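Fold and geometry: a report
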Protein chains: 2
Amino acid sequence: MTNKVEICEVENPHEKVIEKVKEMMPDEETLYDIAELFKVFGDSTRTNILTALFESEMCVCDICELLGMTKSAISHQLRVLRQSKLVKARRVGKEVFYSLADDHVVKIFEMAIEHVLE
Amino acid sequence: MTNKVEICEVENPHEKVIEKVKEMMPDEETLYDIAELFKVFGDSTRTNILTALFESEMCVCDICELLGMTKSAISHQLRVLRQSKLVKARRVGKEVFYSLADDHVVKIFEMAIEHVLE
DNA sequence: CCGTTAGTTGAATAATTGTTCAACTGTTTT
DNA sequence: AAAACAGTTGAACAATTATTCAACTAACGG
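Residues numbered from 1 in each chain as written. Chains lettered and ligands numbered in written order. Predicted model: local features only at pLDDT ≥ 70, side-chain atom pairs only at ≥ 80, totals over all residues. Heavy atoms only, no water.

**Quick notes on the protein's contact with DNA strand D**
- Close to DNA strand D lie 26 residues, the nearest being Thr45(A), Ser72(A), Ser72(B), Ser75(B) and Tyr98(B).
- Considering the 4 Å shell around the protein, atoms of DNA strand D inside it are sugar or phosphate in 66% of instances.
- In this structure, a base nitrogen belonging to DNA strand D sits 2.6 Å away from a side-chain N or O atom of Ser72(A).
- It is helix H6 (residues 71–83) of chain B that contributes the most residues to the surface near DNA strand D, six residues altogether. (Near = heavy atom within 4 Å. Polar contact = N/O pair within 3.5 Å; in protein donor to acceptor, adjacent residues only side chain to side chain. Helix = DSSP H or I, 4+ residues; strand = E, 2+ residues; numbered from the N terminus.)

**Observations concerning the relation of the copies chain A and chain B**
- Screw-axis analysis of chain A against chain B gives a translation of 0.0 Å along the axis, an RMSD of 0.0 Å, and a rotation angle of 180°. In symmetry terms, the pair is related by a two-fold rotation axis.
- Most of the interface of chain A is mirrored in chain B: 100% of its interface residues are interface residues there too. (Least-squares fit on C-alpha atoms with pLDDT ≥ 70 in both. Contact = heavy atoms within 4.5 Å.)

**Describing the protein's contact with DNA strand C**
- Taken together, 26 residues form the shell around DNA strand C, and within it Cys61(A), Ser72(A), Ser75(A), Tyr98(A) and Ser72(B) come nearest.
- Expressed as a percentage, the sugar and phosphate content of the atoms of DNA strand C within 4 Å of the protein is 63%.
- Ser72(A) places a side-chain nitrogen or oxygen 2.7 Å from a base oxygen of DNA strand C.
- Gln77(B) places a side-chain nitrogen or oxygen 3.0 Å from a phosphate oxygen of DNA strand C.
- For the surface near DNA strand C, the leading source of residues is helix H6 (residues 71–83) of chain A, giving six residues.

**Looking at the interface of chain A and chain B**
- With 50 residues of chain A at the interface, the matching set in chain B holds 50 residues.
- Interface of chain A and chain B: buried area, both sides summed, is about 4500 Å²; carbon and sulfur atoms make up 73% of it.
- Where chain A packs against chain B, one counts zero salt bridges.
- Seen at the junction of chain A and chain B, the total is 10 residue pairs in polar contact (both at pLDDT 80 or more).
- Going through the elements one at a time, helix H2 (13–24), helix H3 (28–41), helix H4 (44–55), strand E1 (58–59), helix H5 (60–67), strand E3 (95–100) and helix H7 (104–116) of chain A are the ones with two or more residues in the side of chain A that touches chain B.
- In the side of chain A that touches chain B, the residues fall into 26 nonpolar, 10 polar and 14 charged. (Buried area = accessible area lost by both parts, 1.4 Å probe. Salt bridge = Lys/Arg side-chain N within 4 Å of Asp/Glu carboxyl O. Nonpolar A, V, L, I, M, F, W, Y, C, P; charged D, E, K, R; others polar.)

In structure tokens form, the structure reads like this:
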């Protein structure tokens, strides 16, 4: 009958590799979340904002001046960073100060900097 | 004359923060490269491929089977990973085996996994 | 209370990008 | 030599997304 296929399924070393890899890989949801996290990091404006916040909390206007961009553009990106729980905001009078919500980000970026500098 | 402006420039704590942050931030090119690296990581297919390769080198067909995607789609993404020097390829007969080109990737992903698992 | 400053938001536009499809290059097998 | 298999590639399409613009809210100062 389908002898050839059966033999392949049992003997084929490729199938074994696939099986092994499948077991070791993080679950689908985790992998999706990782991609989503990196997607947030994968924009120059957002990496600029985040690395700026490594040094000090800043209000929106300061970030605008630092990066030479409009308040609207920065605010939109801060919203993305807020929704991803990467930054937090606190209001002081008319100004809103943003800061990092998490230390992991710093470590991930340190690794990335190490990588791009070879 | 422009007293008000001068006083602001000297006294304004915002200006000082911006100055300090500017000094501490990585140079523009490095920041761009970091964003580019994260952009490559920011796609589910590519994160799936990379985490699969953490465990073992694999040929294109195996990756296709593992992820349930076409050869073309996988090949296109492997090209992106190759161009970013994240994976390397070696030909064995008709098959092309891919493997990680770098250990940094593993460390960056470990940090990311830690982060998404809170 | 009115004007100003700081920041947010929704819609629109423009650019980027992931997958599919079809045609292609190599390599092995018969 | 031809068929079959593994993989690559370019064009096309669809979907996502970053910035701009304009209108808005919130807080402060006179």
